[in-house]
Amino acid sequence: MSQQEIKEFLEELKNTYEIAYEDNDILEIEKEVICDMCDGLGCKWCNNTGAIEIIVTYDKKTGEEISVTEVD
């Protein structure tokens, strides 16, 4: 990806999801994903919501995903 493509990708993430944290190096976004354990049907892992909250951390220089953390 070119620097312009990376910048556009990160801007799209910012416009789509809630920003959990951002500095010069990283962008952390919070989003909801379908629970792996029940496939969205609802179970004890997702408190019967069918979804879990995660924070995804991206490297702002490369656009690479650094980590994914589940929000309790």
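What comes next is a walk through the structure. (Residues numbered from 1 in each chain as written. Predicted model: local features only at pLDDT ≥ 70, side-chain atom pairs only at ≥ 80, totals over all residues. Heavy atoms only, no water.)

Structural notes on the pairing of strand β2 (residues 26-34)
Where strand β1 (residues 18-22) and β2 come together, four bridges link them in antiparallel fashion. Looking at β2, one finds that Y21 is bridged to E28. Hairpin remark: β1 followed by β2, antiparallel, with three residues in the connecting loop. Sheet topology places β2 next to strand β3 (residues 51-59); nine bridges connect them, and they run antiparallel. The residue of β3 that forms the bridge with E30 is I55. (Pairing = 2+ DSSP bridges. Helix = DSSP H or I, 4+ residues; strand = E, 2+ residues; numbered from the N terminus.)

Here we look at the nonpolar core
If you look at the biggest cluster of nonpolar residues, it comprises 13 residues, and the most contacted ones within it are L10, L13, I29, C35, C46 and Y58. Sorting the residues of this core by element identifies α1 (3-16), β2 and β3 as the ones contributing at least two each. Broken down by element, this core gets its largest block of residues, four residues, from β3. Dropping the residues within four chain positions of it, Y58 is found in contact with F9, L10, L13, D25, I26, L27, I29, G63, E64, E65 and I66. (Core = buried A, V, L, I, M, F, W, Y, C linked by side-chain atoms within 4.5 Å. Buried < 20%, exposed > 50% of the residue type's maximum accessible area, 1.4 Å probe, protein only. Contact = heavy atoms within 4.5 Å.)

Observations regarding the environment of E32
Here E32 shows up in strand β2. Given the relative accessible area of 56%, E32 is considered exposed. Filtering out sequence-adjacent residues up to four positions away, E32 remains in contact with A51, I52 and E53.

So, to be careful, I would describe these as geometric facts and stop short of saying anything about function.
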